[in-house]
Amino acid sequence: MERLQDQIRDLKQQRNAAVVAHYYQTSDVKEVADYVGDSLAMAQWAQKCTADVLVVAGVRFMAETAAVLVPNVKVLSPDPDATCSLAEGCPADEFGKFIEQHPNRVVVTYVNSSVEVKALSDITCTSSNALKVINSIPVDKEIIFAPDRNMGKWLQKITGRNITLWDATCEVHDAFSVDQVRGLKAANPMARIIAHPECTPELLRIADFIGSTSALLNYVSKEYSGTYIVVTEEGILKEMRQAAPHAKLIPAPTDEPNTCACGICPYMKMITLEKIKASLETLTHRIVIPELLRERAALPINKMMAL
Ligand code: SF4
């Protein structure tokens with residue numbers, strides 16, 4: 001592993017390349033990254049990227065967002081098949097028809113969506129700024145929120161806004177078991193349940209704190225110690241352990257032993273050191289977005305970035 005990491009570091013120098021990674025990547029991948037963050041922070045970092053080549057160690061929509069923001073940089077995805085159940089659950093043609101059925105509404109799209117869906121939107125958001133984005137829309141305006149049904153319901157609840165929802169979910173966060181989390185809480189009564197807003201409404205109802213991956217990390221970081229039942233993808237536990245080494249972190253279990261058991265995103269884990277190395281060697285797979293589509297998708301993304 002260390003040899004592979006050294007080879008990647010050498011290739012980065014040769015290519016004047018940078019690697020940006022999501023928190024949900026494996027530790028070996030995060031160790032070769034120039035920056036690790038959530039999707040908003042990754043996009044903000046990409047926007048300032050001065051490298052010639054940017055490898056996005058994350059799922060495809062993250063690489064697409066970077067390619068929209070920095071068209072002069074060669075943006076590479078080590079595995080363009082690394083998708084996301086939310087992006088897959090919202091095909092652009094169907095979404096276009098959905099919008100037509102609900103005219104005059106402000107279309108807010110979670111960044112976990114394809115570039116084609118973003119191009120149909122008025123503004124994008126991430127889990128870090130979704131509340132800010134919704135609150136930036138005049139109160140007399142009705143809103144469409146896509147694709148995450150769970151996050152949309154959470155936003156409806158905390159803002160009281162009239163929001164029409166698209167019906168897709170994150171297959172990782174949607175699978176966390178309310179009963180098992182309740183059981184963990186009964187066994188650890190002092191533990192605080194911290195959950196990502198992509199979790200089901202039933203789970204969010206019993207959470208002590210709800211926030212984006214970064215917000216959950218910040219919440220744990222403030223504590224010298226404490227016990228947390230962490231209801232999000234397990235990749236963030238590494239940063240949480242570093243930030244709060246004396247805290248007890250209990251990963252939440254899922255309902256069934258499926259591909260997402262134990263809160264692991266199978267798509268994020270498709271990115272490996274071997275694929276990053278191959279990407280840098282061959283400069284593949286470049287994310288190329290037709291210019292008109294890129295310009296249209298840049299509007300809602302830049303609107304979000306300006307907030
Ligand atoms: S954790 Fe969920 S939302 Fe994030 S990339 Fe995986 S499937 Fe998509």
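Rules behind the numbers
- Residues numbered from 1 in each chain as written.
- Predicted model: local features only at pLDDT ≥ 70, side-chain atom pairs only at ≥ 80, totals over all residues.
- Heavy atoms only, no water.
- Near = heavy atom within 4 Å.
- 1 Å grid on protein atoms, 1.4 Å probe; cavity = no way out; pocket = protein on both sides within 12 Å on 5 of 7 lines; lining within 4 Å.
- Sits in = over half its atoms within 2 Å of the grid points.
- Points joined across faces, edges and corners; volume = space filled by probe spheres on them.
- Nonpolar A, V, L, I, M, F, W, Y, C, P; charged D, E, K, R; others polar.
- Helix = DSSP H or I, 4+ residues; strand = E, 2+ residues; numbered from the N terminus.
- Pairing = 2+ DSSP bridges.
- Contact = heavy atoms within 4.5 Å.
- Axes fitted to C-alpha atoms, helices over the stretch in contact; angles between N-to-C directions.
- Parallel < 35°, antiparallel > 145°, perpendicular 65-115°, else oblique.
- Domains from an automatic or database assignment.
- Buried area = accessible area lost by both parts, 1.4 Å probe.
- Salt bridge = Lys/Arg side-chain N within 4 Å of Asp/Glu carboxyl O.
- Polar contact = N/O pair within 3.5 Å; in protein donor to acceptor, adjacent residues only side chain to side chain.
- Phe/Tyr/Trp six-rings, centres within 6.5 Å; stacked < 30°, edge-to-face > 60°.
- Buried < 20%, exposed > 50% of the residue type's maximum accessible area, 1.4 Å probe, protein only.

Describing the site of the ligand
(1) Moving on: All residues in the neighbourhood of the ligand are listed as Y24, V59, C84, S85, L86, N112, C170, V172, E198, C265, Y267 and M268.
(2) Moving on: Spatially, the ligand is embedded in the largest cavity.

Focus on empty space enclosed by the protein
(1) Moving on: Within this structure, the stated rule accounts for three cavities of 30 Å³ or more.
(2) Moving on: In this model, the largest cavity occupies a volume close to 240 Å³.
(3) Moving on: Surrounding the largest cavity, 24 residues form its lining, Y24, N112, H173, E198 and M268 being those nearest its centre.
(4) Moving on: Within the lining of the largest cavity, the residues separate by chemical class into eleven nonpolar, nine polar and four charged.
(5) Moving on: Volume-wise, the second largest cavity comes out at about 110 Å³.
(6) Moving on: What lines the second largest cavity is a set of 14 residues, and nearest its centre among them are S39, M42, A43, M62 and T65.
(7) Moving on: Only α3 (39–47) and α4 (60–69) provide two or more residues apiece to the lining of the second largest cavity.
(8) Moving on: With five residues, the top contributor of residues to the lining of the second largest cavity is α3.
(9) Moving on: A per-class count over the lining of the second largest cavity returns eleven nonpolar, three polar and no charged.

Details of the sheet that holds strand β12 (residues 246–251)
(1) Moving on: Reading across the sheet, the four strands line up as β10-β9-β11-β12 and stay open at both edges, with parallel pairing between neighbours. Edge positions in the open sheet fall to β10 (209–210) and β12, since each of these has one partner strand only.
(2) Moving on: Most of the contacts of helix α12 (residues 213–221) go to strand β9 (residues 192–195), to which it runs at about 155 degrees, and overall it touches β9, β10, β11 (225–231) and β12.

Looking at the sheet that holds strand β1 (residues 17–22)
(1) Moving on: Judged by pairing direction, the sheet is parallel, and its four strands sit side by side in the order β2-β1-β3-β4 without closing on themselves. Only two strands of the sheet have a single partner each, and these edge strands are β2 (35–37) and β4 (74–76). Going across the sheet, the axis of each strand differs from the next one's by a mean of 20 degrees, ignoring polarity.
(2) Moving on: Sheet contacts for α4: β1, β3 (53–57) and β4; angle to β3, the most-contacted strand, approximately 155 degrees.

As for the packing of α3 against helix α15 (residues 291–306)
(1) Moving on: Taken N-terminus to C-terminus, the directions of α3 and α15 make an angle of 100 degrees; their axes are 12 Å apart at the nearest point. As the angle between them shows, α3 and α15 are arranged roughly perpendicular. Along its contact with α3, which presents L40, A43, Q44 and Q47, the element α15 presents N302, M304 and M305.
(2) Moving on: Considered class by class, the residues forming the contact of α3 with α15 number four nonpolar, three polar and no charged.

Regarding the domain arrangement of the protein chain
(1) Moving on: Domain boundaries assigned for the protein chain yield domain 1 (2–82 + 268–288), domain 2 (86–165) and domain 3 (173–263).
(2) Moving on: Sorting the residues of domain 2 by area buried against domain 3 places S127, N150 and W154 first, and these three jointly supply 58% of that buried surface.
(3) Moving on: On the surface where domain 2 and domain 3 come into contact, there are one salt bridge.
(4) Moving on: Between R149 and D174 there is a salt bridge whose closest N-O contact spans 4.0 Å.
(5) Moving on: Summed over the shared surface of domain 2 and domain 3, the number is six residue pairs in polar contact (both at pLDDT 80 or more).
(6) Moving on: Ranked by residues supplied to the side of domain 2 that touches domain 3, first place goes to helix α9 (residues 149–159) with six residues.

Re the packing of aromatic side chains
(1) Moving on: This model, assessed by the stated rule, comprises six aromatic pairs.
(2) Moving on: Seen from their ring centres, F95 and W166 are 5.5 Å apart, and the 85 degrees between their planes marks the pair as edge-to-face. Taken as a pair, F95 in helix α6 (residues 92–101) and W166 in the loop between β8 (163–165) and α10 (178–187) lie far apart in primary sequence, 71 residues in all. W166 matches F95 in its accessibility class, with the two residues each being buried.
(3) Moving on: Measuring from ring centre to ring centre gives 5.1 Å for F98 and W166, while their planes differ by 85 degrees; the resulting arrangement is edge-to-face. With F98 in helix α6 and W166 in the loop between β8 and α10, this pair connects stretches of sequence that are 68 residues apart.
(4) Moving on: By the ring-pair criterion, three or more aromatic residues cluster together here, those being F95, F98 and W166.

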